[in-house]
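One letter stands for each residue in the lines below.
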Amino acid sequence: MLQLFRAFSLRCAQIEEAIRLGDDQRVMSLDRHVEPLVEAILACRAANLLEVYMQLQFVSHLVARDADDSASVREHTTVLSYLLDRYFGTHGPDWRMPSPQDVRIEPPAAYVPDTDNGHFLNAAILESLPDRVAVLTRDYRYLYSNAANSAHLDRKPMDLIGRHIAEFIGEERFAGCARHKLDACFAGEQIDYTYERATGGGASRQVRCRMSPLRDAGGTVIGALIVMDR
């Protein structure tokens, strides 16, 4: 699903650039590829709660984008209802809350602490945190950004998915510090450090940044969960 979101984000960026340059022919050419990407994203079945959140947020993005088109809004809300029923209806996936008769006292043998396990990244919890929270893949691209982090970067959460972190912190800071910290995290280390952030008027403040390896059920590090002070 991440690859589809990256492709959508890239296509939108290309269209925006073509509009800026006044290249109407390129805009029309690129626009033809948007709808198939949207359909592919909506048809993809999420594997965990984070992907469910991303997919539902994507539909919300479409509703906001087409707010002036009542027919499109009705179509998007129908899709939203379908997705909600898919994931939270009577035929929900295995990672939903078990019924009382299925509750076990001991965790399953395959459980690994600090691991995704299909439901570690609870989007509702991450969104409620006052701190800035993000998930980066091993190629330093955003997989998730909560509202606090997106607001800090002055971007919508959907606009960040698939974008390289260097686009927002700068190549110099990425190469000089962030990349080394992230590589250590991807190697399995818990990282906790502070850095100086300019606050305007020549002033600055210290920001605490914590990085935790995000592992799949097999124990392989698939990304980094990052929490920063606001």
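Residues numbered from 1 in each chain as written. Predicted model: local features only at pLDDT ≥ 70, side-chain atom pairs only at ≥ 80, totals over all residues. Heavy atoms only, no water.

The protein has the name PAS domain-containing protein in an unreviewed UniProt entry, where Rhizobium binae is given as its organism.

### What to know about the state of the cysteines
Filter applied, for reference: By convention in this document, the label disulfide applies to cysteine sulfur atom pairs within 2.5 Å. Only protein chains enter the calculation, and the probe is 1.4 Å; a residue is then buried if its accessible area is under 20% of its type maximum, exposed if over 50%, and partly exposed in between.
The full count for this structure, using the stated rule, is zero disulfides. C185 carries a free sulfur, and the closest cysteine sulfur to it, the one in C209, is 9.1 Å from it. For C185, a relative accessible area of 0% gives the class buried.

### Remarks on the pairing of strand β4 (residues 203-215)
Formally: By the convention used here, strands pair only if DSSP detects at least 2 bridges between them. Note on conventions: DSSP H or I runs of at least 4 residues are helices, E runs of at least 2 residues are strands, and numbering of each starts at the N terminus.
Summarising the sheet, strand β3 (residues 191-200) and β4 pair through nine bridges and their orientation is antiparallel. Bridge pairing links T194 to R208 in β4. Hairpin geometry of β3 and β4 is characterised by an intervening segment of two residues between the two adjacent antiparallel strands and by a positive phi of about 70° at G201. In this structure, β4 lies alongside strand β5 (residues 221-228), joined through seven bridges in antiparallel fashion. Residue P213 lies in a different strand from β5, and its bridge partner there is A224.

### Re the sheet that holds β3
Strands belonging to one sheet form pairs held by backbone hydrogen bonds; the direction of such a pair is parallel or antiparallel. Spelled out, the test is: The axes are straight lines fitted to the C-alpha atoms, using for helices just the contacting stretch, and the angles between their N-to-C directions are given from 0 to 180°. Should any heavy atoms of two residues lie within 4.5 Å, those residues are counted as being in contact.
Taken in spatial order, the five strands line up as β2-β1-β5-β4-β3 in an open sheet, and their pairing is antiparallel. Whereas interior strands pair on both sides, the edge strands pair on one side only; in this sheet they are β2 (142-145) and β3. Direction aside, neighbouring strands of the sheet carry axes that sit 25° apart on average. Packing against the sheet, helix α10 (residues 171-186) makes contact with β1 (132-137), β3, β4 and β5, and its axis sits at approximately 120° to β5.

### A short note on the nonpolar core
How we decide: The term nonpolar core refers to a set of buried residues drawn from Ala, Val, Leu, Ile, Met, Phe, Trp, Tyr and Cys, joined through side-chain atoms within 4.5 Å.
Counting 30 residues, the largest nonpolar core has F5, F8, V38, L42, F58 and V135 as its most contacted members. Mapped by element, the contributors of at least two residues to this core are α1 (2-21), α2 (24-31), α3 (34-43), α4 (49-65), β1, β2 and β5. Residue contributions to this core peak at seven residues, all from α4. When sequence neighbours within four positions are dropped, the list of residues in contact with L42 reads Q55, F58, V59, V79, L83 and R86. Counting 25 residues, the second largest nonpolar core, distinct from the first, contains Y142, A184, F186 and Y195.

### Side note on the environment of H180
Among the structural elements, H180 can be located in helix α10. Overall, the relative accessible area of 52% leaves H180 in the exposed class.

### Examining α3
Worth spelling out the cut-off: Working definition: the arc comes from the directions between the helix axis and the C-beta atoms, pointing outward to the latter.
Those residues of α3 not exposed but buried are V34, L37, V38, I41 and L42. What you see down the axis of α3 is that its buried residues fit within an arc of 130°, all on one side. Residues of α3 that are exposed and point more than 90 degrees away from the buried face comprise E39 and A43.

### Things to note about unusual backbone geometry
For Y140, which is not glycine, the phi dihedral falls at a positive 65°. Tracing the backbone through its elements, the reader meets Y140 in the loop between β1 and β2. Owing to a relative accessible area of 11%, Y140 belongs among the buried residues under this scheme. Positioned with a positive phi, D154 is a non-glycine residue whose angle comes to about 55°.

### Brief notes about the environment of D229
Selection criterion: The term polar contact refers here to a pair of N or O atoms within 3.5 Å; inside protein, the definition further demands a hydrogen-donor-capable atom paired with an acceptor-capable atom, and it admits residues adjacent in sequence only when both atoms are side-chain atoms.
Tracing the sequence through the fold places D229 in the segment after β5. It is 6.9 Å that separates the C-alpha atoms of D229 and C209, two residues lying 20 residues apart in sequence. Setting aside chain neighbours within four positions, we find D229 in contact with D131, R132, R197, R205, V207, R208 and R210. Among the polar contacts listed, one links the side chain of D229 to the backbone nitrogen of R208, at a separation of 3.1 Å.

### What to know about the pattern of salt bridges
Operational definition: Whenever a carboxyl oxygen of Asp or Glu lies within 4 Å of a side-chain nitrogen of Lys or Arg, that contact is scored as a salt bridge.
A full pass over the atoms with the stated rule returns six salt bridges. Residues D139 and R141 are paired through a salt bridge, measuring 3.7 Å at the closest nitrogen-oxygen approach. Judged by relative accessible area, which is 30%, D139 ranks as partly exposed. The partly exposed category is assigned to R141, whose relative accessible area is 28%. One connected set of salt bridges, linked through shared partners, spans D131, R210 and D229.

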